[in-house]
Amino acid sequence: MDDKQRSLLLESSSRFPPPPGAKLSYGTAGFRADALILQSTVFRVGILAALRSLKTQSVIGLMITASHNKVSDNGIKIADPCGGMLSQDWEPFADELANAPDPQTLLSLIIEFAKKEKISFDGAFSAEILLGRDTRPSGESLLEAAKQGINSIVGAVVHDMGILTTPQLHWMVRARNKGLKATEADYFGQLLSSFRCIMDLIPNERKINEIEDRLIVDGANGVGGEKLEAVKKMLSGLVIEVLNSGKEGGILNEGVGADFVQKEKVVPHGFGSNHEGIRCASLDGDADRLVYFSVPSNSSSKIDLVDGDKILSLFAVFIKEQLSILEGDMKGNNNYKARLGVVQTAYANGASTDYLKHLGLEVVFTPTGVKYLHTRAAQYDIGIYFEANGHGTILFSEHYLSWLEAKNNELSSISQGSELQTAALRLLAVSKLINQAVGDALSGLLLVEAILQHMGWSIHRWSELYQDLPSRQLKVKVVDRTAVVTANAETVVVRPPSLQEAINAEIAKYTRGRSFIRPSGTEDVIRVYAEASTQEEVDNLANSVAELVDQFLGGGSFP
Ligand SMILES: CC(=O)N[C@H]1[C@@H](OP(=O)(O)O)O[C@H](CO)[C@@H](O)[C@@H]1O
Ligand SMILES: [Mg+2]
């Protein structure tokens, strides 16, 4: 690193002093905190993104969002060249950068890390970053801080992509690095044409069905609502009504959005008895999560939730149907049996796991966070992953996609329009519709809608695939959440000692009881999850476990 680069880094970072006393961590999905203390973090992540671009010689994404958190929070995360999350081996350096106390320490850290990673500043490759942000009011000034961070690396180029959903930015990064067209219009174009393709391939005899073509979507007063309005204008075959689009003056994520709906299991603001029986969906603040629900008749505010596990199950049923057509009667020479796998976390409802296993699927578990699920799902030819909260997607391996393309070509010459070829075409369309970079509420919604039409299923028929076990989630505020250490995909507490034994003793009191705790990676709380055979039992179990957390970790309150 030459003197010009060193003095540029020193000079620019002196304008972004870190907040005194704050200890920041990259967490489950990037840095998140009150937006007022994030200027220096965002500036430094700008530097990090430029370094990542130099290291990988690829375009990198930077997204300014705090997803489901309250509107006064914000956050920042990096999209790697493939469009996925930042490689985990860079997270410790991200933490060091964010917490460096002064410009000189920051510079030393960068020099040392660049040496270790063999990052060259010789100008042969210029760092290139795509920047996106959600609709939070703090986004604009944080974007400026990110730009200044990126521009602290000589020659770095920034493209401000404007207000986007998180998955749109990830999609664009992936497309750019594959040499494909990567504008928002290209994104919408791909989604709409592959949606149309699946709809056009619905067999005629299935077209008379019980399903109505109206869908009502809660946009969480965020970016997803805005983008869905744009999709709506280009869509045919489906009538979408967007509530909480952000234009009516509602507050982002307040009493609305997928996180609220999934955790509280009540209607979001703006929904009520006039929506009884209708298919409804809810997006989160940055539109990377999607859940469905319906309002039962005579309910106060309770909903029938169709969560990420059921979206996963719907996708699995559809993919399995296409694979059994394609693999059931293999014609020609080029035959191959796809490895299909499903990835869940400990938050998946036990009934969903039983259902998926009953379908004969391979189900595996990872810790919470898309970075873990995505990596695991990528090990299959077709890997479907979902968090119960509605974040997930279907990944197709390059190898399987090439096979599918070749098979489709072969079938179009020997049996054009056959069931076999149609199944191949459907799978190819799914691989284009569903975001290959990260879970995406908009593309997930279009796939759900196309599959429901294909099956001829109402939301009620879909919801009855299996009956969820009653579950409850609580948050407990403690003095230091890092005091809790877990193992076995977060299902067992290993520290503090004896806490797991105490939790086990509570679980043993209930039929089909299950409970685990873990520190949140996005909020300063310990999360408690419980499941049991009745709602009353599960509420008792969750409360007793929350009390144990309080006893063991002290200073508790229940936000
Ligand atoms: C129980 C729960 O919903 N946890 C969420 C939440 O993480 P926590 O580490 O639990 O705060 O936010 C993550 C990012 O959106 C998401 O991946 C994860 O599933
Ligand atoms: Mg989100």
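This structure is a prediction, so every number in the text was calculated from the model and none was measured. (Residues numbered from 1 in each chain as written. Chains lettered and ligands numbered in written order. Predicted model: local features only at pLDDT ≥ 70, side-chain atom pairs only at ≥ 80, totals over all residues. Heavy atoms only, no water.)

### Remarks on the coordination of the magnesium ion (ligand 2)
Inference 1: Donor atoms from the polypeptide that bind the magnesium ion (ligand 2) are Ser67 (OG), Asp284 (OD), Asp286 (OD) and Asp288 (OD), placed at 2.0 to 2.2 Å.
Inference 2: Each donor residue of the magnesium ion (ligand 2) lies on one chain, and together they are spaced S-x216-D-x1-D-x1-D. Of this pair, Ser67 sits in the loop between strand E2 (59-64) and strand E3 (73-79) while Asp284 is found in the loop between strand E8 (280-283) and strand E9 (290-294), placing the two residues 217 residues apart along the sequence. For the pair Ser67 and Asp284, a shared accessibility class is recorded, and that class is buried. (Donors = N, O, S within 2.8 Å, 3.2 Å for Na, K, Ca; no water. Helix = DSSP H or I, 4+ residues; strand = E, 2+ residues; numbered from the N terminus. Buried < 20%, exposed > 50% of the residue type's maximum accessible area, 1.4 Å probe, protein only.)

### Focus on the pairing of E9
Inference 1: Within E9, 5 of the 5 residues are buried, leaving the element largely enclosed by the surrounding structure.
Inference 2: Of the two faces of E9, the one holding Leu290, Tyr292 and Ser294 and the one holding Val291 and Phe293 are both buried throughout.
Inference 3: The pairing of E8 with E9 spans 4 bridges and is antiparallel. Of the residues in E9, the one forming a bridge with Leu283 is Leu290.
Inference 4: Between E8 and E9, which pair antiparallel one after the other, the connecting turn spans 6 residues, and Ala287 there sits at a positive phi close to 60°.
Inference 5: Sheet topology note: the E9/strand E10 (residues 304-306) ladder contains 3 bridges and is antiparallel. Within E10, the residue paired with Tyr292 across the bridge is Val306. (Pairing = 2+ DSSP bridges.)

### Observations regarding the UniProt feature "domain: Alpha-D-phosphohexomutase C-terminal" (unreviewed entry) in the protein chain
Inference 1: The UniProt record marks residues 476-547 with the feature "domain: Alpha-D-phosphohexomutase C-terminal" (unreviewed entry), using the residue numbering of this structure.
Inference 2: Secondary structure content for residues 476-547 is 31% helix and 28% strand, while the C-alpha to C-alpha distance between its ends is 9 Å. (UniProt positions renumbered as here; feature names shortened; annotations may be inferred.)

### Examining the sheet that holds strand E13 (residues 382-386)
By definition, the strands of a sheet pair up through backbone hydrogen bonds, in either a parallel or an antiparallel sense.
Inference 1: One open sheet holds the 4 strands; their spatial order is E12-E11-E13-E14, and the pairing between them is mixed. The open sheet has two edge strands, strand E12 (362-365) and strand E14 (392-396), and neither has a second partner. Pairs of neighbouring strands in the sheet enclose a mean axial angle of 20°, with direction left out of account.
Inference 2: Here strand E11 (residues 340-344) runs beside E13; their pairing, made up of 4 bridges, is parallel. Considered in E13, the bridge of Leu340 is made with Ile382. (Axes fitted to C-alpha atoms, helices over the stretch in contact; angles between N-to-C directions.)

### Notes on unusual backbone geometry
The phi angle of most residues is negative, glycine excepted, and most peptide bonds adopt the trans form.
Inference 1: Each neighbour pair has its own omega, and for Arg495 with Pro496 the value is 0°, a cis peptide bond.
Inference 2: By secondary structure assignment, the location of Pro496 is in the loop between strand E17 (492-495) and helix H17 (499-507).
Inference 3: Positive phi outside glycine occurs at Asn244, with the angle close to 50°.
Inference 4: Overall, Asn244 belongs to the buried group, its relative accessible area being 7%.

### Regarding the nonpolar core
Inference 1: Membership of the largest hydrophobic core comes to 86 residues, with the highest contact counts inside it found for Tyr292, Phe315, Ile319, Ile394, Tyr400, Leu445 and Trp462.
Inference 2: When residues in this core are grouped by element, the largest group, 11 residues, is from helix H10 (residues 308-328).
Inference 3: If we ignore the near neighbours within four places in the chain, the residues touching Ile394 are Phe315, Ile319, Ile382, Gly383, Ile384, Val430, Ile434, Gln436 and Leu447.
Inference 4: Judged by nonpolar contacts, the second largest core, of 45 residues, contains Leu51, Ile76, Ala94 and Ile119. (Core = buried A, V, L, I, M, F, W, Y, C linked by side-chain atoms within 4.5 Å. Contact = heavy atoms within 4.5 Å.)

### Here's the deal with the site of ligand 1
Inference 1: The environment of ligand 1 is formed by 17 residues, the closest being Thr28, Ser520, Gly521, Thr522 and Arg527.
Inference 2: For ligand 1, an oxygen atom lies 2.8 Å from a polar atom in the side chain of Asn389.
Inference 3: One of the backbone N or O atoms of Gly521 is found 2.6 Å from an oxygen atom in ligand 1.
Inference 4: Relative to its free-state accessible area of 440 Å², ligand 1 is covered by the protein chains to the extent of 97%.
Inference 5: Across the shell around ligand 1, the residue classes tally to 2 nonpolar, 9 polar and 6 charged. (Near = heavy atom within 4 Å. Polar contact = N/O pair within 3.5 Å; in protein donor to acceptor, adjacent residues only side chain to side chain. Areas by Shrake-Rupley, 256 points an atom, 1.4 Å probe, with all protein chains shown as cover. Nonpolar A, V, L, I, M, F, W, Y, C, P; charged D, E, K, R; others polar.)

### A look at the packing of H10 against helix H13 (residues 398-414)
Inference 1: For the pair H10 and H13, the least separation of the axes is 13 Å and the interaxial angle reads 55°. Comparing the axis directions of H10 and H13 gives the class oblique. The element H10 and its partner H13 pack so that their crossing is left-handed. Across from Leu323, Leu326 and Glu327 in H10, the residues of H13 making contact are Tyr400, Trp403, Leu404 and Leu411.
Inference 2: Looking at the contact of H10 with H13, its residues break down into 6 nonpolar, no polar and 1 charged. (Parallel < 35°, antiparallel > 145°, perpendicular 65-115°, else oblique. Left-handed = near helix turned anticlockwise from the far one by under 90°.)

### Observations concerning the environment of Leu373
Inference 1: By the element assignment, Leu373 lies in helix H12 (residues 370-377).
Inference 2: Separated by 13 residues in sequence, Leu373 and Phe386 place their C-alpha atoms 7.7 Å apart.
Inference 3: Excluding its chain neighbours within four sequence positions, the residues that come into contact with Leu373 are Val343, Gln344, Thr345, Thr366, Pro367, Tyr385, Phe386 and Glu387.

### Concerning the pattern of salt bridges
Side-chain pairs of opposite charge can arise whenever the charged atoms involved come near each other.
Inference 1: Enumeration over the complete set of coordinates arrives at 30 salt bridges.
Inference 2: The shortest N-O distance in the salt bridge between Asp524 and Lys477 comes to 3.2 Å. Remark: Lys477 occurs in the loop between strand E15 (471-476) and strand E16 (485-487) and Asp524 occurs in the loop between strand E18 (514-519) and strand E19 (526-531); sequence separation between them is 47 residues.
Inference 3: The closest approach of N and O atoms between Glu531 and Arg514, which form a salt bridge, is 2.9 Å. On the criterion of sequence distance, the pair formed by Glu531 in strand E19 and Arg514 in strand E18 is long-range, its members being 17 residues apart.
Inference 4: Its relative accessible area of 2% is what places Glu531 among the buried residues. (Salt bridge = Lys/Arg side-chain N within 4 Å of Asp/Glu carboxyl O.)

### Concerning the pairing of E19
Inference 1: The buried count for E19 comes to 6 of 6 residues, which makes it a mostly enclosed element.
Inference 2: Going residue by residue along E19, you find Ile526, Val528 and Ala530 tucked away on one face and Arg527, Tyr529 and Glu531 tucked away on the opposite face as well.
Inference 3: Direction of pairing for E15 relative to E19: antiparallel, over a ladder of 6 bridges. Paired with Val476 across the strands is Ile526, a residue of E19.
Inference 4: Across 6 bridges, E18 lies against E19 in antiparallel orientation. Paired with Arg518 across the bridge in E19 is Arg527.

### Description of the packing of helix H7 (residues 184-200) against helix H8 (residues 223-234)
Inference 1: Contact geometry for H7 and H8: axes closest at 11 Å, N-to-C directions at 55°. On the basis of their axis angle, the class for H7 and H8 is oblique. You can see that H7 and H8 cross each other, and the crossing is right-handed. Contacts between H7 and H8 involve Glu184, Phe188 and Leu192 on the former and, on the latter, Lys227, Ala230, Val231 and Met234.
Inference 2: When the residues that make up the contact of H7 with H8 are grouped by side-chain class, the tally is 5 nonpolar, no polar and 2 charged.

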